[in-house]
Amino acid sequence: MRLVRKDLEKDNAGQVTLIPEEPEDMWHTYNLLQVGDSLRASTIRKVQTESSTGSVGSNRIRTTLTLCVETIDFDSQACQLRVKGTNIQENEYVKMGAYHTIELEPNRQFTLAKKQWDSVVLERIEQACDPAWSADVAAVVMQEGLAHVCLVTPSMTLTRAKVEVNIPRKRKGNCSQHDRALERFYEQVVQAIQRHINFEVVKCVLVASPGFVREQFCDYMFQQAVKTDNKLLLENRSKFLQVHSSSGHKYALKEALCDPAVTSRLSDTKAAGEVKALDDFYKMLQHEPDRAFYGLKHVEKANEAMAIDTLLISDELFRHQDVATRARYVKLVDSVRENMGTVRIFSSLHVSGEQLGQLTGVAAILRFPVAELSDQEDESSSEED
């Protein structure tokens with residue numbers, strides 16, 4: 001994302017002009033937009049024209065519109081963003097108050113105006129415009145007959161390909177069918193890797209599986225690469241890292257990202273930091289439950305006691321339609337930072353973000369136990385009984 005211009009008043013009202021450059025920038029834009037914002041961007045409008053003879057025709061004309069945002073639709077797989085709203089600025093082709101849908105496009109600038117730019121939104125713009133945040137990881141999570149080829153970007157886990165091949169069981173004295181099917185499966189996974197992974201951007205490709213599937217697959221892939229003189233795979237051999245996972249399903253990717261060998265290799269990526277924070281939270285919940293809270297009310301109570309060391313919060317909560325609810329989450333983030341706590345904003349499109357979503361989307365690791373809250377819970381629950 002490129003920041004072209006930023007005009008903010010003292011009361012944090014104002015506008016910013018941005019140019020999305022990567023597909024992932026559409027995800028950042030989706031998180032910046034809120035209902036009631038004003039969006040100015042180039043768009044195509046179908047306009048009816050009447051000739052001097054009275055015949056009516058229609059032309060598609062590119063024009064610049066300013067909409068008051070009403071609905072926001074994001075397609076995570078295609079990374080496309082459509083914004084619907086009413087026209088609020090004079091335009092020769094579109095009447096005031098008329099509805100229109102703008103599809104934001106890569107490399108076309110847009111201007112977003114808000115009555116109030118809060119700290120979370122401003123931080124997202126900083127991150128989106130910082131190239132250091134785009135250190136990317138790819139992953140192949142597999143088991144015999146099933147593989148998912150994923151891209152783990154700083155903000156989301158995208159499944160780029162799913163490979164499924166029926167592998168017959170080995171039969172006594174006849175393994176040829178099993179071996180042929182396995183080879184066909186490996187070949188399809190290799191093709192998916194070459195088609196969907198950009199080795200110029202990707203730092204590391206995790207190959208995760210239960211048992212020996214990953215070793216057998218990597219042996220097959222690089223033997224074939226030598227045979228066919230596949231320079232792409234041979235030159236990037238050092239980027240492949242084999243790790244254990246319990247299955248070939250997408251959710252098993254979290255285990256692979258938790259592997260110490262992986263975290264040291266990916267220490268400078270946001271994804272690894274989020275996974276580690278969530279892992280630390282679960283460990284704390286297991287061993288010292290008085291120092292691990294989740295749920296907004298409990299976390300707010302812990303924050304009042306200035307006890308929060310690390311706040312884990314899902315970006316989904318900042319897209320809440322109710323302004324007061326959204327402001328409550330922003331206030332929590334600002335307060336934790338003021339008290340010298342660390343804030344990690346998880347992407348709801350990441351595997352780790354999905355897990356945090358199951359814990360209400362907000363959790364905290366505390367500096368010291370806050371026993372009173374646990375006691376209050378016990379008392380209230382015993383009263384209910």
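From a predicted model like this one, the values you see are computed outputs, not experimental measurements.

Caption draft 1: Here's a closer look at the overall build of the protein. A tally of regular secondary structure across the protein gives 12 helices and 16 strands. Along the three orthogonal principal directions, the C-alpha set of the protein runs to about 80 × 75 × 40 Å. Taken over 385 residues, the protein has a buried fraction of 49%. A fraction of 66% describes how many contacts in the protein between residues 6 or more apart in sequence connect residues 24 or more apart. Total accessible area on the protein stands at roughly 19,900 Å², and carbon and sulfur atoms take up 46% of it.

Caption draft 2: Examining the packing of helix H9 (residues 296–304) against helix H10 (residues 323–338) more closely. Between H9 and H10, whose axes approach to 11 Å, the crossing angle comes to 30°. Read as a crossing pair, H9 and H10 show a hand that is left-handed. In contact with Leu-296, Lys-297, Val-299, Glu-300 and Asn-303 of H9, H10 contributes Arg-328, Tyr-329, Leu-332, Ser-335 and Val-336. Of the residues that constitute the contact of H9 with H10, the class distribution is 5 nonpolar, 2 polar and 3 charged.

Caption draft 3: Here's a closer look at the domain arrangement of the protein. Under the domain assignment used here, the protein contains domain 1 (2–48 + 56–129), domain 2 (137–268) and domain 3 (271–377). On a C-alpha basis, the centres of domain 1 and domain 3 stand 31 Å from each other. Contacts between the two partners involve 13 residues from domain 1, matched on the other side by 13 residues from domain 3. At the boundary of domain 1 with domain 3, total buried surface from both sides reaches about 1,100 Å², with 52% on carbon and sulfur atoms. Across the pair Asp-118 and Arg-326 runs a salt bridge, and its minimum N-O distance is 2.8 Å.

Caption draft 4: Structural view of the sheet that holds strand E6 (residues 99–104). As summarised here, the arrangement of the 7 strands in space is E1-E2-E7-E3-E4-E5-E6, forming an open sheet in which the pairing is antiparallel. Edge positions in the sheet fall to strand E1 (2–8) and E6, since each of these pairs with one other strand and no more. Going from strand to strand, the sheet's axes swing by 35° on average, the running direction of each strand aside. One ladder, built from 5 bridges, connects strand E2 (residues 14–19) with strand E7 (residues 110–114); its direction is antiparallel. From the neighbouring strand, Val-16 faces E7, where its bridge partner is Leu-112. Of the strands in this sheet, E2, strand E4 (56–75), strand E5 (80–87), E6 and E7 are in contact with helix H1 (residues 24–32), which crosses E4 at around 70°. The sheet contacts of helix H2 (residues 119–129) involve E1, E2 and E7, and relative to E1 the element is tilted by about 155°.

Caption draft 5: Structural view of the state of the cysteines. Applying the stated criterion across every chain yields a total of 0 disulfides. The thiol of Cys-79 is not disulfide-bonded; the next cysteine sulfur, from Cys-150, is found 14 Å away. With a relative accessible area of 7%, Cys-79 lands in the buried category. Between Cys-218, a free cysteine, and Cys-204, which holds the nearest cysteine sulfur, the sulfur-to-sulfur gap is 11 Å. Under the relative-accessibility criterion, Cys-218 is labelled buried at 3%.

Caption draft 6: Representation of the pairing of strand E9 (residues 146–152). For E9, the tally of buried residues reaches 7 of 7 residues, placing the bulk of the element in the interior. One ladder, built from 7 bridges, connects strand E8 (residues 136–143) with E9; its direction is antiparallel. The partner of Val-141 across the bridge, within E9, is His-148. Relative to strand E10 (residues 157–164), E9 is paired through 7 bridges, and the arrangement is antiparallel. Paired with Val-149 across the two strands is Ala-161, which belongs to E10.

Caption draft 7: Layout of the pairing of strand E11 (residues 202–209). For E11, the buried fraction is high: 7 of the 8 residues fall into the buried class. Of the pairings in the sheet, the one linking E8 to E11 comprises 6 bridges and is parallel in character. Considered in E11, the bridge of Val-137 is made with Cys-204. Judged from the 5 bridges that link them, E11 and strand E12 (residues 240–244) form a sheet pairing that is parallel. Pairing of Ser-209 across the sheet is with His-244, part of E12.

Reading the values: the criteria
- Residues numbered from 1 in each chain as written.
- Predicted model: local features only at pLDDT ≥ 70, side-chain atom pairs only at ≥ 80, totals over all residues.
- Heavy atoms only, no water.
- Helix = DSSP H or I, 4+ residues; strand = E, 2+ residues; numbered from the N terminus.
- Buried < 20%, exposed > 50% of the residue type's maximum accessible area, 1.4 Å probe, protein only.
- Contact = heavy atoms within 4.5 Å.
- Areas by Shrake-Rupley, 256 points an atom, 1.4 Å probe, with all protein chains shown as cover.
- Axes fitted to C-alpha atoms, helices over the stretch in contact; angles between N-to-C directions.
- Left-handed = near helix turned anticlockwise from the far one by under 90°.
- Nonpolar A, V, L, I, M, F, W, Y, C, P; charged D, E, K, R; others polar.
- Domains from an automatic or database assignment.
- Buried area = accessible area lost by both parts, 1.4 Å probe.
- Salt bridge = Lys/Arg side-chain N within 4 Å of Asp/Glu carboxyl O.
- Pairing = 2+ DSSP bridges.
- Disulfide = S-S within 2.5 Å.

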